[in-house]
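Residue-level listing of the chains:
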Amino acid sequence: MTTFPTLDPELAAALTMLPKVDFADLPNARATYDALIGAMLADLPFDGVSLRELSAPGLDGDPEVTIRFFTPDNTAGPVPVLLWIHGGGFAIGTAESSDPFCVEVARELGFAVANVEYRLAPETSFPGPVNDCYAALLYIHAHAEELGVDPSRIAVGGQSAGGGLAAGTVLKARDEGVVPVAFQFLEIPELDDRLATVSMTNFVDTPLWHRPNAILSWKYYLGESYSGPEDPDVSIYAAPSRATDLTGLPPTYLSTMELDPLRDEGIEYALRLLHAGVSVELHSFPGTFHGSALVATAAVSERSAAEALTALRRGLRSLSPVS
């Protein structure tokens, strides 16, 4: 593997313990990731948080969408809610893999979290996964009163491919005009199938995620009809970086990692949101790589986790929904 002079020393020391995830062998990539997450979930405490499963009707006759719904115990009145979308290159992972984060948000911030179990590619290509996320958003908004959540304080967020799905869901919500999303929370998002940025071109051998995996993830997600980066028919809800109009989107927190092929598309998306008049907090963490938060004890990982909670607290407590 290439050496990276700016790699954080704490993260560098942990590299040998991290798995190699190769999207060219998807069954093995799924098994490797599930084993890693399974070990992390084994002793997860749920103190102070309640979990139940909801079922949202799918869009246009699609299957029902399962939502892992977390609520803080002993709360009074409707609470803010985060619709959360897990990562995994559109093709691996489960909603349960995000349970530690969902528990932390519910426990530390007093928010509800609706964690979406969307269908994975390539078995379900676009628009299936983003439609699942949007169906979950519609359900949470329509059932806000019975769920005990505030329909004016709904955030949509996700990590990695989940960040891309979150951005696509928010664009769809803006265009449909049914759900007023109050805040957008995009962690290391996968946004652009065209793969033309400097970071995407240069980072071909970075830990956990690199250009070869990114190429395959977009092929899996966009399906057999996808002809490549020059394809003019790719929807903005699939690849939000292709959107030419970003006006009317909600205030946004967006984070990137220095040694991540997705770095530049995230930064460019944040800048374009700013140019469109959207309030944005952009944070690029030095010495990090895609998924380096798995090394949770590293100081930079602790800092990024704390920043995420701070951004969510500010976003859903002090910001009004976009009309």
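So, how was this worked out
Each chain has its residues counted from 1, following the order in which its sequence is written. Restriction of local features to residues with pLDDT of at least 70 applies here, the model being predicted, together with a cutoff of 80 or more for giving and counting side-chain atom pairs; totals for whole chains, interfaces and linings are based on all residues. For side-chain calculations, the full set of non-hydrogen atoms in the structure is used, while hydrogens and water are omitted. Labels follow the DSSP assignment, with helices taken as runs of H or I lasting at least four residues and strands as runs of E lasting at least two, numbered in each case from the N terminus. Using C-alpha atoms as the atom set, the radius of gyration is obtained and then compared with a globule rule of 2.2 Å times the number of residues to the power 0.38. Exposure is judged per residue with a 1.4 Å probe applied to protein chains only, and the accessible area is read against the type maximum: over 50% gives exposed, under 20% gives buried, and values in between give partly exposed. For the accessible areas, the method is Shrake-Rupley and the probe is 1.4 Å, while residue cover comes only from the protein chains on display. Throughout this description, the term nonpolar core refers to a set of buried Ala, Val, Leu, Ile, Met, Phe, Trp, Tyr and Cys residues connected via side-chain atoms within 4.5 Å. Any two residues whose heavy atoms approach within 4.5 Å are treated as being in contact. The pairing criterion is simple: DSSP has to find at least two bridges between the two strands. A fitted line through C-alpha atoms serves as each axis, taken over the contacting stretch for helices, and the angle formed by two N-to-C directions is quoted from 0 to 180°. The span one expects for a helix is its residue count, reduced by one, times 1.5 Å. Directions drawn from the helix axis to the C-beta atoms are what define this arc.

As recorded in an unreviewed UniProt entry, the protein goes by the name Esterase, listed as coming from Rhodococcus erythropolis.

**Brief notes about the overall build of the protein**
If you tally the helices and strands in the protein, you get ten helices and eight strands. Over its C-alpha atoms the protein spans a radius of gyration of 18 Å, differing by no more than 12% from the 20 Å that the globule rule assigns to 323 residues. Oriented by its inertia axes, the alpha-carbon framework of the protein measures out at about 50 × 45 × 40 Å. Looking at the 323 residues of the protein, the share that counts as buried comes to 56%. For the protein, the accessible area works out to roughly 13100 Å², and carbon and sulfur atoms hold 52% of it.

**Describing the nonpolar core**
Residues F69, L137, I140, V149, Y221 and Y269 are the most contacted members of the largest nonpolar core, which totals 73 residues. By residue number, the principal contributor to this core is helix α4 (residues 128-142), which donates eight residues. Excluding residues that lie within four positions of it along the chain, Y269 makes contacts with A167, L171, L186, L191, P240, S241, L246, L249 and L254. Counting 37 residues, the second-largest nonpolar core is a separate cluster that includes F4, A106, I188 and F289.

**Points about the sheet that holds strand β3 (residues 79-85)**
Strand pairing in a sheet relies on backbone hydrogen bonds, with the paired strands running either antiparallel or parallel. The strand order β1-β2-β4-β3-β5-β6-β7-β8 describes an open sheet built from eight strands, whose pairing is mixed. The open sheet has two edge strands, β1 (49-56) and β8 (280-289), and neither has a second partner. For this sheet, the mean inter-axis angle between neighbouring strands, taken without regard to orientation, is 20°. Across six bridges, β3 lies against strand β5 (residues 149-159) in parallel orientation. Within β5, the residue paired with L82 across the bridge is A155. The strands touched by helix α6 (residues 161-176) within the sheet are β3, β5 and β6 (183-187), with β5 carrying the most contacts at an inclination of about 140°.

**Considerations on the pairing of β6**
Across a regular strand the side chains alternate sides, sitting on one face of the sheet and then on the other. Of all five residues in β6, five are buried, a share of seventy percent or more. Because side chains alternate across β6, one face comprises the buried residues F183, F185 and E187, and the other comprises Q184 and L186, equally buried. Where β5 meets β6, five bridges bridge the pair, whose relative direction is parallel. Bridge pairing links G157 to F185 in β6.

**Focus: the side chain of H86**
Within the fold, H86 resides in the loop between β3 and α3 (99-109). Setting aside residues no more than four positions away along its own chain, H86 makes contact with I92, G93, T94, A95, S97, S98, V116, E117, Y118, L120, Q159 and G162.

**A closer look at helix α2 (residues 26-41)**
Taking 1.5 Å per residue as the helical rise, α2 with its 16 residues ought to reach 22 Å, and the 22 Å between its terminal C-alpha atoms agrees with that figure. By the burial criterion, the buried members of α2 are L26, A29, T32, Y33, I37 and L41. Considered in projection along α2, the buried side chains sweep an arc of 165° and stay on one side of the axis. For α2, the exposed residues lying more than 90 degrees away from the buried face are P27, A35 and A39. Those residues of α2 that are buried are in contact with α3 and α8 (211-222).

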